[in-house]
Structures are given as structure tokens and as C-alpha cells.
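# Chains, contacts and geometry: an overview
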Amino acid sequence: MSSPALTNLMHETRRFDPPAELAEHANVTADAYGSATQDRLAYWEEQAGRLTWAEPFTRVLDWDDPPFAKWYVGGKLNAAYNCLDRHVEAGLGDRIAYHWVGEPENDTRDITYAELTDEVCRAANALLELGVRTGDRVAIYMPMIPETVVAMLACARIGAPHTVVFGGFSSTALQDRILDCDARIVITADGGYRRGIPSALKPAVDEALKSCPDVRNVVVVRRTGQQIEWNEGRDLWWHEVVGKQSSEHECEAFDAEHPLYVMYTSGTTGKPKGILHTTGGYLVGCSWTQWAVFDLKPDIDVYWTAADIGWVTGHSYIVYGPLSNATTSVMYEGTPDAPHKGRWWEIVEKYEVSILYCAPTAIRTFMKWGAEIPQKFDLSSLRLIGSVGEPINPEAYMWYRETIGGDRCPVVDTWWQTETGMIMITPLPGVTSGKPGSAMTPLPGVCAAVVDDSGKPVQKGSGGYLVLTEPWPAMLRTIWGDDQRYVDTYWSRFPGVYFAGDGAKLDEDGDIWLLGRVDDVMNVSGHRLSTTEIESALVSHPKVAEAAVVGANDPDTGQAVNAFVILRESAADEGAGAEIVTELRDHVAKEIGPIAKPKSIMVVLELPKTRSGKIMRRLLRDVAEKREVGDVTTLADSSVMDLISANLAGGKQED
Ligand code: PRX
């Protein structure tokens, strides 16, 4: 767990204290830490006051049957009402909810809270007409367009849990998710724009549904106008079914523990886990953290989370957090380089964005493109900048702070997960200091620790595993349909506490530095990918006998997927040239999605295994990171590594 490079950096670390004017008007003051420690549940009771409850809760937390939590017991509320209607009722109907920016230039739309409420009511009525009832699951496979938010909130409004599947996933991945949560309706679009080209979505849905006989209807938004196949009777145009509905819809209040959504994420086995979030605790968590961590002033700020709605960051900080706080947000459909590499900064300038939240992988890309690009734009509206998704290396932090934040904006490096639902470890910009590369301390009301192998908290200056020692409102409630896997994955490594799967280190001040995953999960450009899932995809190819995948450090994407494959004898005769590598990379893209494509595939004759047959990924990581191969004494056959290294020296690795 120890990392000499990191230790050096920690010694040299700079520290940025909160700017005085921010500290003076900060939403949350330093007392919050003390009061939350004194009475954590009273603290979370107070934060629940941000929401409008149709019926008050009678108990903050029921932890009588751990690890199955119930928050805000007995309370009733509607998530969509909290995100929309109540703001309109409070006279904020004309406030812009989203400055939506399409990828094609000048394709923009400003949507007010009143307009969004109307659209959501129409969509809710449409879903009801299609027979969707409280508790039914709806799959959403969409580009970054306003209808995606409308679809999610329409589901929330009628109590139908949504499962949003990232538009970059393949038809196979979509099919697995539809089947796992037994969705009966799919909402999609003909396509979306990606790097100036309309990319198709509907064909993937058609393909996926070949093996999903229970899906009754596919509702299709017309976004690009491209030609698509039409399945009469099953497929319906969004503008037809939603357009004709009334904008009147009286929403019902649901139990605080009513399922709000299922979001699939990679775990250490091949099968993605359906993370279940429920209504009350999740919404309290997103709402409070968006307000506290970004020191949000909803009357004046323009807030932009530059992420995809298909991931948890989009759910919590493009949709539920910002809307519950009546925020004006920017939502951008495309990539940062379409049609030019200054697109993000042009958007910041145009909409006077004051808070920007994005991933280190994007920051590293901008660094590579050069400071002169953002410097052409006026970024003086920014006052706070955030980072999420992977450890931010100190160089990228400093570049972000200086080049984008003009050396005046605090940087919040926020650690959290799909499972936590809300930001957990981060500086509070008006209260605590920030250090480049450290996520600092748990938020008030959040209890985290770094523990050793036996579960004992480590000393300052040492490393170990990150755990969360008390339940929190936005925590996952279970894995959809698999309570046992929930218990085994998160609550069994160290009994009684939540195992996050991340390594971490405490510095001499007791601040937390995240060191990356300690399990077989990779983090590629902030996307979570499972080594096992990619190995299974490779082995499903008829030419592959065996595969091992490792995440190797990569200067651009944080980690990169490196695969080692043994070909079946019949295929091996055809040779191990570039063609097979391309074929296998495409196969992984088809099975999972383009984000999972290995950066490099090396065809080998043997894989390094222990005597018990376990693949020693550590050694493969050494190869992938072009280091001297470590200790091989536990290998069943130590000559295997010589062979692999010789293969590498012979230039057989294909990028
Ligand atoms: O390894 C941690 C890393 O991303 C994982 C969670 O991934 P996911 O569920 O896809 O959610 C990403 C967005 C919340 C974590 O287990 N991670 C996330 N944020 C940070 C981080 N690692 C270091 N520093 C962070 N700020």
C-alpha cells in the first residue's frame, strides 16, 4: 500500500486555505464538523429539512438489521415534486433549470423550471398511459439531451425506478441490464451527436431486445433524424406519446425508502451490480452535498457538472442535487473537442459558469492540449472548481487551479462512488484547506477510516484500506435482486463497516489521500471497469482460450486496459498479428462498449500462474507498465515470465 512517490509528494505538498471572502459567506461553517460529531443523527435530521415532505418521518435511521438501512423512517415525499413543482410554487418558475448545449454549434435550449415541470408531467402521463405502474422499472438509454432528465423525473414522479444505461454501452450490456432489473419499457433516441457525427442508439436497442421478450414498448426521441428501423406496435415516438398529454399531473408521495433508481456498476466479478438507491435519504444526501460542497448560491450561481447522465455523477450532480436546490445548470451533449478544443471554455464564457465539476482525465487532456486554448476565453466567472472520479495527480490539480481557476478558485477534490450516492470525502471550500492530490476529510455526518489488514485504524503517515464506519443517508440499500452479494461485497471484508474497495493513506495531518482500487476494478478515464468482465468478453471470442486483464498506469487515462491472451490452437496457427488484436478489441467493444476496449493486447503462449492456478496479475502489471518484473518465486513455472518479457522485447505488443 505504501507508495514512495506519493510520500515524497505529501512532504512537498502545498496547502491552500479558504479565501477570506468565501469563508465569510460560506453556506456551512466549521461548527458543522463538531455538531455532526456530537449528534450525527440530529445533524442528518436537520439536513432533511431542505426537502419538502408530504408526511414527516418519525425516526432518522433504522439500523436494527445491518447492513440493511432505512433512513427517514415513515417519511413520505416525491422526488420530482422536490426537484420541480415546489420551486414553481415558490415563484421560481421562470428560473432557468438548464442551459442545454447541443454538440452542433448553435443548437441550444434554455429550459425554465416551469417548462421542465410541464414536460415531466406530460411524460409521467404518457408512462401511465403505457401501463407503467408504481414499482415497474424503466430503462433509459439516451444521449445527453433534456428529454433524458425529463424521462428520469417522470419515472420518479410515478414511483417507477429508472435504470439509465450509459449511451456508450453496447447492445449486450444494455440487454444484461434490462434483463437483470426486468424493465418493461425502454426510452431511447434515434441517436446523439458525438464529435460532429450522429451516432446511433436505436439499433443497439433493437439488437438488445431480441432477447428481452418482456419489453412492451420502446419510446424514441427524435434527436438526429437519422433513418432507423421501426417495430410497429412496439416502437412509439416520444413527441407523439408525450406531446399529446396534459401537463397536469398530481404527484403521489412515496415512502422514503421507495426505490428511486438502479445504476449498474462494475464489480470484481463479470456480472455488473445493480446499485439500488431509494428516495428520501438519497435526495437529502445529494441536495445537501451539492449545496455544501460547492457552496452553492442558487440565486446567482451557474453550475456545470461536465459528466454524462449515464453515470452516478450525472444522476446526483446534474439531475437530483442541482434540481432539488433550484440551481441553474449547464448541460452539454458532446465531447470537449467538438468542433474545437476550446468548446468547454467557450461554454463557461458564454453562460458565465461559476462552478465547474469534472474528472481528472478531462483535466489531463486539457493540459496536453495546452494552456493557450483556455487562455483565449474569459473564465473570470468561475469561483469554485471540483474534481471527481479518480485520484487527481498534484500536477493536474495545480494546472486546474492555476490555468482554469485563475489561482483564485478553491479546488474540491471529491471522493465518492456509485454506491455512496453522494460526495463523502472532500474539502469544504469556505471552511477547510485543500492540498493538491488529497481529498482531505470526510464531510460532517460522514464517518470514514483507513484501516490495516486486520481492520485496525492506521497511524498518521500510514496506508491501508478506506472504510466507512457509519451508515449515511444516500448509501446504497442493496444490490438489485441480490442481498447476499450486497453483504458479501461491502460488509464482510471488515465486519460491521463498509469496505469501499479503495486504498488510502493518512498524512501527518490526518488528511486522506486516495491511492486507487485494491480489487480487480480498473478506473479508466474515470469509468469503472472490471478486469473479470473484460476477461469474460475476451474469452467469449471463439479464437481465445484464456485471457488476463490488468489496469496499468497511464498518463492520459489514469489507468489503461492491458490484456494478455492465449489463442486457441486453431487460431494460433493463423498467427498473432495485428488483425487478431483488432478483431479482439472490436469484440470487447461489442460485448461491453468502446470504453472497455483494451489499449494493448499481447498474445502469449502461457500466463503466469501460482501453483493453485491463480493468475498473478501483479507480474502482468509490471510488464504492462514496462518495469522490471517482480518476485516470481510463487509461480508454478517461473520461465513463463521470461517468455512474456522476450515476447515484449520482440515487439509483439500491439497498441
Ligand atoms: O476508486 C474510487 C474512484 O472511483 C471509484 C468510484 O467509481 P464510480 O462508482 O464509477 O463513481 C465515480 C464517481 C463518483 C472509487 O471507488 N474515485 C472517485 N472519486 C475519487 C476517486 N479516487 C480518488 N479520488 C477521488 N476524488
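Located above this text is the structure these notes cover.
Residues numbered from 1 in each chain as written. Predicted model: local features only at pLDDT ≥ 70, side-chain atom pairs only at ≥ 80, totals over all residues. Heavy atoms only, no water.

So, about the pattern of salt bridges. Per the stated rule, a full pass over the model turns up 44 salt bridges. One salt bridge connects Asp206 with Arg234, and the closest N-O pair in it is separated by 2.8 Å. Here the residue Asp206 occupies a position in helix α10 (residues 202-208), and Arg234 occupies one in the loop between β11 (217-221) and β12 (235-237), the gap between them amounting to 28 residues. For the pair Asp206 and Arg234, a shared accessibility class is recorded, and that class is buried. Arg617 serves as the salt-bridge partner of Glu535, at 2.7 Å between the closest nitrogen and oxygen. (Salt bridge = Lys/Arg side-chain N within 4 Å of Asp/Glu carboxyl O. Helix = DSSP H or I, 4+ residues; strand = E, 2+ residues; numbered from the N terminus. Buried < 20%, exposed > 50% of the residue type's maximum accessible area, 1.4 Å probe, protein only.)

Before going further, it helps to spend a moment on the packing of aromatic side chains. Overall, the coordinates contain 36 aromatic pairs when judged by the stated rule. Ring centres of Trp344 and Trp345 lie 5.9 Å apart, and the angle between their planes is 70°; on these two criteria the pair is classed as edge-to-face. With relative accessibility at 6%, the residue Trp344 sits in the buried group. Classification of Trp345 as buried rests on a relative accessible area of 1%. Look at Tyr465 and Phe499: their rings are 6.1 Å apart centre to centre, the planes differ by 65°, and that puts the pair in the edge-to-face class. Pair noted here: Tyr465 is in strand β22 (residues 463-468) and Phe499 is in strand β24 (residues 498-506), with a separation of 34 residues, a long-range link. Residue classification places Tyr465 among the buried positions, given a relative accessible area of 15%. Residue classification places Phe499 among the buried residues on the basis of a relative accessible area of 13%. Members of the aromatic cluster, each reached through a chain of ring pairs, are Trp63, Phe68, Trp472, Tyr486, Tyr490, Trp491 and Tyr498. If you follow Arg222 out to its NZ or CZ, it ends over the ring of Trp237, 4.5 Å from the centre. (Phe/Tyr/Trp six-rings, centres within 6.5 Å; stacked < 30°, edge-to-face > 60°. Lys NZ or Arg CZ within 6 Å of the ring centre and 35° of its normal.)

The buried count for strand β14 (residues 259-265) comes to six of seven residues, which makes it a mostly enclosed element. Where β14 and strand β15 (residues 273-278) come together, six bridges link them in antiparallel fashion. What sits directly across from Val262, in β15, is Leu276. (Pairing = 2+ DSSP bridges.)

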